[in-house]
Amino acid sequence: MSNHTHIVLYVDDIKAKRLSDKAIIIRWHKLFKGTILSHKFLQGERLDSAQQTFLNKDIEQFRERLASISWFMRVLNESIARKANKEDNCTGRFWEGRFKSQALLDEAALAACMAYVDLNPIRTKMAETPETSEYTSVKTRCEHAKKSKQPKHLARFAGSPRKHMPKGLPFELKSYLELVELTGRCMRADKRGTISLINSPILDRLNIAPENWQKLTTQFTKVFHGAVGRPKKLDNYCASLEIKRRANYTQCEKLLA
């Protein structure tokens, strides 16, 4: 958008933990200069025990930051702000405040949020169709779909949920594009309510009531705050947060003892 961004992210914590120290440093160097020790490590230079200790702490920090949404947004916003200030020949803050994040706990929440983000240009009358919506994932997916491909820099559509599910979005690409198209038409004043969503495969699969879908995709950030998902998913999410909170509290007690 012209004054803000919407991003749907997937943080692969398991992969981040499995990556070797070398892989972590290589990824970090693609974004930042790194340290003297990290460069020595990649060049195969031998480090003494003290240097290795300091490097291990750096790698631990790199690993944590590479999987941090907060750090990702900090780097993204800073780079955009620098470019904007350079164009306007000015200094100072570009963004009004920090970003807001919401946890998407199931397929229904994920589909609703993705459609909400992809249809933002249409809602604000900046575009008429998904395939002409600048700077959106859906436009990129449409361009690649014409060539029977999926963009490598975006999460792939892996198809309907099944027992041996490959990594990716749990929907069919064709179904998602049709869903976005139908939802977009429903939001147009001259065609409001003329297209039924009952026969949409993804809505049937996710058990989302058709009368709720438009509200989900047009007012996602107003309707939901924090985590989004069905009651059972929310209960599990809250329980996991409580466990982490208790663990952090116990750790603080030990440090202060």
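Here, every reference points to the structure presented above.
What you are looking at is a predicted structure, and each value in this text was computed from that prediction instead of being measured. (Residues numbered from 1 in each chain as written. Predicted model: local features only at pLDDT ≥ 70, side-chain atom pairs only at ≥ 80, totals over all residues. Heavy atoms only, no water.)

A. Structural detail: the nonpolar core. By size, the foremost hydrophobic cluster in this structure holds 14 residues, and its most contacted members are L110, M114, F157, L169, F171, Y176 and V180. Looking at this core element by element, the count peaks at four residues for helix α9 (residues 173-186). For Y176, the contacting residues outside a window of four places in its chain are A111, M114, A115, D118 and F157. Residues W28, L37, L55 and W71 belong to the second largest nonpolar core, which totals eleven residues. (Core = buried A, V, L, I, M, F, W, Y, C linked by side-chain atoms within 4.5 Å. Buried < 20%, exposed > 50% of the residue type's maximum accessible area, 1.4 Å probe, protein only. Helix = DSSP H or I, 4+ residues; strand = E, 2+ residues; numbered from the N terminus. Contact = heavy atoms within 4.5 Å.)

B. Here's a closer look at the pattern of salt bridges. All chains considered together, the criterion is met by five salt bridges. Note that R82 is salt-bridged to E78, the shortest N-O span being 3.0 Å. Of this pair, R82 and E78 both sit in helix α5 (residues 69-88), four residues apart, roughly one helical turn. We classify E78 as partly exposed; its relative accessible area is 37%. (Salt bridge = Lys/Arg side-chain N within 4 Å of Asp/Glu carboxyl O.)

C. A look at the packing of helix α8 (residues 137-145) against α9. Running from N to C, α8 and α9 cross one another at 130 degrees; their axes reach a closest spacing of 11 Å. In terms of orientation, α8 and α9 fall into the oblique class. As for how α8 packs across α9, the hand of that crossing is left-handed. Between α8 and α9, the residues in contact are V138, R141, C142 and A145 and L173, L177 and V180, respectively. Across the contact of α8 with α9, the residue classes tally to six nonpolar, no polar and one charged. (Axes fitted to C-alpha atoms, helices over the stretch in contact; angles between N-to-C directions. Parallel < 35°, antiparallel > 145°, perpendicular 65-115°, else oblique. Left-handed = near helix turned anticlockwise from the far one by under 90°. Nonpolar A, V, L, I, M, F, W, Y, C, P; charged D, E, K, R; others polar.)

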